[in-house]
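Summary of structural features
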Amino acid sequence: MGIFNLSNLPFPALLSQLLLGLVNGSFYAILSLGLAVIFGLLNVINFAHGALFMIGAVLTWMGLNYFNISYWAMLVLAPVIAGLFGMLTERLLLRWIYKLDHLYGLLLTLGITLLIEGVFRSAYGVSGLPYDTPDALQGATDLGFMILPNYRAWVVVASLSICFTTWFVIEKTRLGAYLRAGTENPRLVEAFGVNVPLMITLTYGFGVALAAFAGVLAAPVIQVSPLMGQNLIIVVFAIVVIGGMGSIMGAILTGLGLGVIEGLTKVVYPEASSTVVFVVMVIVLLIRPTGLFGKEK
Amino acid sequence: MRKITPVVYVLLLIALVVAPFVGAYPVFVMKLMCFALFASAFNLLLGYTGLLSFGHAAFLGGSAYVAGHAMKVWGLTPELGLAAGTLAGALLGWVFGLLAIRRQGIYFAMITLALAQMVFFIALQAKFTGGEDGLQGVPRGQLFGLIDLRNDITMYYVLLVIVVASFLLIARTVRSPFGQVLKGIKENEPRALSLGYDVSRYKLLAFVISAALSGLAGSLKTLVLGFATLSDVHWSASGQVILMTLVGGLGTLSGPLLGATVVVVLENKIGEFGRLLARLTGIDWFNTLGDSVTMVTGLIFVVCVLTFRRGIMGEVISFVQRLRGLRTRHG
């Protein structure tokens, strides 16, 4: 039935929703990738990922408004600052709960989320902080069959490059081999002389930096506000359930795919666009309980 | 402990019975009791079965809407409205449970959270919930067509009876053979499985009971306050009930009661507390504490998880046990 409806719709509208879906899918991909990397080594589901995404966006806004730092500089600075903050929280807080049940990791990061969001909320309220698209990426390119907004194209390209670089580093390099070994058997890796606690700290910092990077990319397209990560993180959780956290590529592809499905739903049946990811999750749970790429841990 | 516990419960009951006559605001105490029931129902799952549901807001809020709709639009009497709400909670819990127990541990929490978010969006968009405005003007009506609940004091005692009965039901469940199996599953699931227990069925049943009682709590809240809003079905309500149980003490019967009281009082009185601190310390910032409930909640979460995992009642119980151990050793 869906296909029938699609054929009646104006083609450009469909393409533009598809692109919007890809943009959201890119954010989903970066965030679920970060969650998977962190979970692999720390065994913690990072509820704070949405709040850290928000920090990336708000830092970008603060950079421009307080210090006149450009978007491009913040694209590097914000992930670095957020990553350092992440490493600090790992050292001070997360470190103490690795030996406990997984649930405490979720609860602790939930607490951290509320703290972060509370601080930013008391500083900026809940209304949006406007952020303009950087000059170089304003406007749109006419591709003949559709108008392509430059910024959206940039978001998709930048996100995919980051995702695939991460995939490459983890799956194909020596550094990644340590990381994968640490995921499988941290004690053995430690016995080989690798500083595992440091590796854990750096991994968490990297995952956080990824979330902040997505936040910077989102600043001009999603309303910047202290609560912008709240609903997002729940959608990303559903995506993680759908994809399973066993595979890096799985996390990337599931994120992108769900973004596209969400975009298409906006064309066919807009009322369902906020729930479609959850519906897909239910279907996957019924058909393939371990997730599309999952191996239960 | 065995001798002190009943005395404490009797004192608590007496306090609740006389509360309206010694200056307590009945509606506030009623709200407290609803949350205490909600937290106790939640604890049945987390504390006694070891399942972290992050979706209990769906049962609280979803049932609140169903009960409100039944009483307001269908004109049902309060007891039928409550029954409808409880049934809705049970049904929703059955669906959530069936899906979520297909995965374990951390995935279980994420699935329940996602399903509850779906319920939130449905509540936001559906016609009968009133969207952002909520469902308002739900009449209290007459219980069994006889007892007029519009009087706050009458409502108070009816609520007290229902909440106490539900609490006794939870206590009975925990101590029953069924409750022992749940504890067994919590301690060692593979072992329970190898002993021949159908673990999935036990988990599902625990989930349904917990959801039904949470639904009852939500329905009672609508009956008392006369409205149902989106905030009850929002994920922060799920977080709130986790906090109540954690602060009070996981897997203790009295913990959630105390935890609910602490959290609800904190959220209602934090502004006053902040102003008091500002006056005492001279730091102006404390005056804005009332706007920073999320921050304070987050801080309590972090402190609890890091240093205080047994919760208040858990600490009290282990302290008393230690004391008793000392006494038997020396005497």
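Scroll up to find the structure.
Quick notes on the overall build of chain B
If you tally the helices and strands in chain B, you get 13 helices and two strands. Relative to the compact-globule value of 20 Å for 331 residues, chain B shows a C-alpha radius of gyration of 20 Å, a close match.

Focus: the overall build of chain A
Within chain A one finds 12 helices and two strands. Element order for chain A, N to C, with α for helix and β for strand: α-α-α-α-α-β-β-α-α-α-α-α-α-α. Relative to the 2.2 N^0.38 estimate, which gives 19 Å for 297 residues, the radius of gyration of chain A is 19 Å and therefore close to what a compact globule would have. Summarising its shape, the C-alpha atoms of chain A cover approximately 60 × 50 × 35 Å along the three principal directions. In chain A, which comprises 297 residues, the share counted as buried stands at 50%. Once local pairs closer than 6 in sequence are excluded, the contacts in chain A between residues at least 24 apart make up 77%.

So, helix α9 (residues 199-225) of chain B
Residue and element names in this part refer to chain B. Across its 27 residues, α9 extends 39 Å between first and last C-alpha, which sits within 8% of the 39 Å expected from 1.5 Å per residue. Burial analysis of α9 places 20 of its 27 residues in the buried class, the great majority of the element. Looking at the residues trailing α9, positive phi occurs at G226, about 85°.

Concerning the nonpolar core
Residues A212(A), A238(A), L37(B), M110(B) and A114(B) are the most contacted members of the largest nonpolar core, which totals 190 residues. Here the element with the most residues in this core is helix α2 (residues 11-42) of chain A; it accounts for 16 residues. Ignoring any residue separated from it by four or fewer positions in sequence, one finds M110(B) in contact with I45(A), F237(A), V240(A) and V241(A).

Examining the packing of helix α7 (residues 177-187) of chain B against α9(B)
All names here are of chain B. Two elements in contact, α7 and α9, have axes separated by 10 Å at closest approach and are oriented at 115°. In terms of orientation, α7 and α9 fall into the roughly perpendicular class. Crossing angle aside, the handedness with which α7 passes α9 is left-handed. Residues V181, L182 and I185 of α7 touch α9, and the partners they reach there are V199, Y202, K203 and A206. Looking at the contact of α7 with α9, its residues break down into six nonpolar, no polar and one charged.

Considering the interface of chain A and chain B
At the interface, 34 residues of chain A touch 34 residues of chain B. Elements represented by at least two residues in the side of chain A that touches chain B include exactly α5 (102-124), α10 (230-243) and α12 (276-287) of chain A. With 17 residues, α5(A) is the single largest residue contributor to the side of chain A that touches chain B. Residue classes in the side of chain A that touches chain B are distributed as 24 nonpolar, seven polar and three charged.

A look at the packing of helix α3 (residues 49-67) of chain A against α10(A)
Residue and element names in this part refer to chain A. The contact between α3 and α10 brings their axes to 8 Å, and the two run at 130°. Accordingly, the angle class assigned to the pair α3 and α10 is oblique. Like other packed secondary-structure pairs, α3 and α10 cross with a definite hand, here right-handed. Taking contact as the criterion, the partners of H49, G50 and F53 in α3 are, on α10, Q230, L232, I233 and V236. Partitioning the contact of α3 with α10 into residue classes produces four nonpolar, three polar and no charged.

Here's the deal with the environment of V17(B)
Residues and elements named next belong to chain B. In this fold, V17 is placed in helix α1 (residues 4-18). Classification of V17 as partly exposed rests on a count of 13 C-beta atoms within 10 Å. For V17 and V181, which are 164 residues apart along the polypeptide, the C-alpha to C-alpha distance reads 35 Å.

Regarding the environment of G125(A)
Residue placement: G125(A) occurs in the loop between α5 and β1 (140-142). With 21 residues separating them in the primary sequence, G125(A) and Y104(A) have C-alpha atoms 29 Å apart.

Some words on unusual backbone geometry
For residues other than glycine, phi is negative in most cases, and the peptide bonds are mostly trans. You will see that N43(A), though not glycine, has its phi angle at about 60°, which is positive. In this structure, N43(A) sits in the loop between α2 and α3.

Topic: helix α11 (residues 255-281) of chain B
Residue and element names in this part refer to chain B. Between its first and last C-alpha atoms α11 spans 32 Å; for 27 residues at 1.5 Å apiece the expected length is 39 Å, and the helix comes up short by more than 12%. Those residues of α11 lying buried are G255, P256, L257, L258, G259, A260, V263, V264 and G274. Two residues or fewer after α11 comes G282, characterised by a positive phi angle close to 80°.

Here we look at the environment of S318(B)
Residues and elements named next belong to chain B. Relative to the elements of secondary structure, S318 occurs in helix α13 (residues 311-330). A residue is classified by how many C-beta atoms lie within 10 Å of it, and S318, with 12 of them, is exposed. Sequence spacing of S318 and P26 is 292 residues, and the spatial spacing of their C-alpha atoms is 34 Å.

What counts and how
- Residues numbered from 1 in each chain as written.
- Chains lettered and ligands numbered in written order.
- Predicted model: local features only at pLDDT ≥ 70, side-chain atom pairs only at ≥ 80, totals over all residues.
- Helix = DSSP H or I, 4+ residues; strand = E, 2+ residues; numbered from the N terminus.
- Rg over C-alpha atoms; globule rule 2.2 N^0.38 Å.
- Buried ≥ 20, exposed ≤ 12 C-beta atoms within 10 Å, placed from the backbone.
- Contact = placed C-beta atoms within 7 Å.
- Expected span 1.5 Å × (residues − 1).
- Core = buried A, V, L, I, M, F, W, Y, C linked by C-beta atoms within 7 Å.
- Axes fitted to C-alpha atoms, helices over the stretch in contact; angles between N-to-C directions.
- Parallel < 35°, antiparallel > 145°, perpendicular 65-115°, else oblique.
- Left-handed = near helix turned anticlockwise from the far one by under 90°.
- Nonpolar A, V, L, I, M, F, W, Y, C, P; charged D, E, K, R; others polar.

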